[in-house]
Amino acid sequence: MKSIFRATALCWLLICVLALTLQAAKAPKKSKKDQVVTISTPQGDIRMILFDETPLHKGNFLKLAQSGFYNGTTFHRIIPNFMIQGGDANSKDADPNNDGMGPQNDKTIPAEIRPEFSHKFGAVAAARQGDMVNPTKASSSSQFYIVQNHTGTPHLNGGYTVFGQVISGLDIIDKIAAQPKDMRDRPTTDVKMTVKVEKLKKKKITELYGYKYE
């Protein structure tokens, strides 16, 4: 009986060890570093971080930024007390009338709408087509907007993917939103951007910009 009991106990011990090992393997270690995205404009620099919890949007934006895609694009739509929008490849050409329309057959990114990320001041979110033609709320492949309203735009919560947050340069968002614009909300003078990505320790990001990681 003792030998049977010992064998059973050993079996359970091995099962527990295996379960803990599998659990540890499934839980990836959180990186101690993160990417800081800097958007440089004639009005100044905007710095932001992108959320790990929206991996498709974060990965896509970083890939475009690191490839130089965003360099030369503009903030083509500005609405004071609401938001500023940019990132359309069409804004690189000489025709202002196609800005914001996006390229034909533009690919989309599946929505990653999460309740913990709201449209507060400085939130970075993905633009998209309306529900009538886009019931799944899939995001544009490149266009994004930054909330400029200081009290946020909560009516957009749950409708668009928020995938980042401005951590420096909130005043620059205000300056861009205040630029002269035409009847289509397009700035009369191009607000061109260049975008770079820098990898820093999260501790350093907190020291420099006051952003606190959960």
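Here the structure is a predicted model, which is why all the values come from computation and not from measurement.

The rules behind each value
- Residues numbered from 1 in each chain as written.
- Predicted model: local features only at pLDDT ≥ 70, side-chain atom pairs only at ≥ 80, totals over all residues.
- Heavy atoms only, no water.
- 1 Å grid on protein atoms, 1.4 Å probe; cavity = no way out; pocket = protein on both sides within 12 Å on 5 of 7 lines; lining within 4 Å.
- Points joined across faces, edges and corners; volume = space filled by probe spheres on them.
- Helix = DSSP H or I, 4+ residues; strand = E, 2+ residues; numbered from the N terminus.
- Nonpolar A, V, L, I, M, F, W, Y, C, P; charged D, E, K, R; others polar.
- Pairing = 2+ DSSP bridges.
- Axes fitted to C-alpha atoms, helices over the stretch in contact; angles between N-to-C directions.
- Contact = heavy atoms within 4.5 Å.
- Buried < 20%, exposed > 50% of the residue type's maximum accessible area, 1.4 Å probe, protein only.
- Arc of directions from axis to C-beta.
- Expected span 1.5 Å × (residues − 1).

K.L.:
Break down empty space enclosed by the protein for me, with residues and values.
P.N.:
Take a probe with the size of a water molecule and roll it over the atoms, and the empty space left behind shows itself. Counted by the stated rule, this structure contains one cavity of 30 Å³ or more. His57, Asn60, Phe61, Tyr70, Ile109, Ala126, Ser140, Ser141, Ser142, Gln143, Phe144 and Phe163 together form the lining of the largest cavity. With three residues, the top contributor of residues to the lining of the largest cavity is helix H2 (residues 55-67). Partitioning the lining of the largest cavity into residue classes produces six nonpolar, six polar and no charged.

K.L.:
Explain the sheet that holds strand S8 (residues 144-147) to me, using residue names and the numbers behind them.
P.N.:
With antiparallel pairing, the eight strands of this open sheet are ordered in space as S3-S4-S8-S6-S9-S2-S1-S10. Only two strands of the sheet have a single neighbouring strand rather than two, namely strand S3 (75-79) and strand S10 (194-201). Averaged over all pairs of adjacent strands, the angle between their axes in this sheet comes to 30°, without regard to strand direction. Bridge count for strand S4 (residues 83-86) against S8 is four bridges, and the pairing is antiparallel. Each residue of the ladder has a partner; that of Ile84, found in S8, is Ile146. This element, helix H3 (residues 170-177), spans strand S1 (33-41), strand S2 (44-50), S3, S4, S8 and strand S9 (162-168) of the sheet and lies at about 120° to S2. Helix H4 (residues 202-209) rests against S1, S2, S9 and S10 of the sheet, and its axis sits at about 115° to S10.

K.L.:
So what's going on with the environment of Phe75? Which residues, and what values?
P.N.:
Residue placement: Phe75 occurs in strand S3. For Phe75, a relative accessible area of 1% corresponds to the buried category.

K.L.:
Tell me about H3, and please be specific about residues and values.
P.N.:
Among the residues of H3, those classed as buried are Ile172, Ile173, Ile176 and Ala177. For H3, the angular spread of the buried residues around the axis is 140°, confining them to a single face. Elements in contact with the buried residues of H3: S1, S2, S3, S4, S8 and S9.

K.L.:
So what's going on with H2? Which residues, and what values?
P.N.:
For H2, spanning 13 residues, the distance from its first C-alpha to its last is 18 Å, which sits close to the expected 18 Å at 1.5 Å a residue. If you check which residues of H2 are buried, you get His57, Lys58, Phe61, Leu62, Leu64 and Ala65. Axial view of H2: buried residues confined to an arc of 165°, hence all on one face. Of the residues in H2, the exposed ones pointing more than 90 degrees away from the buried face are Lys63, Gln66 and Ser67.

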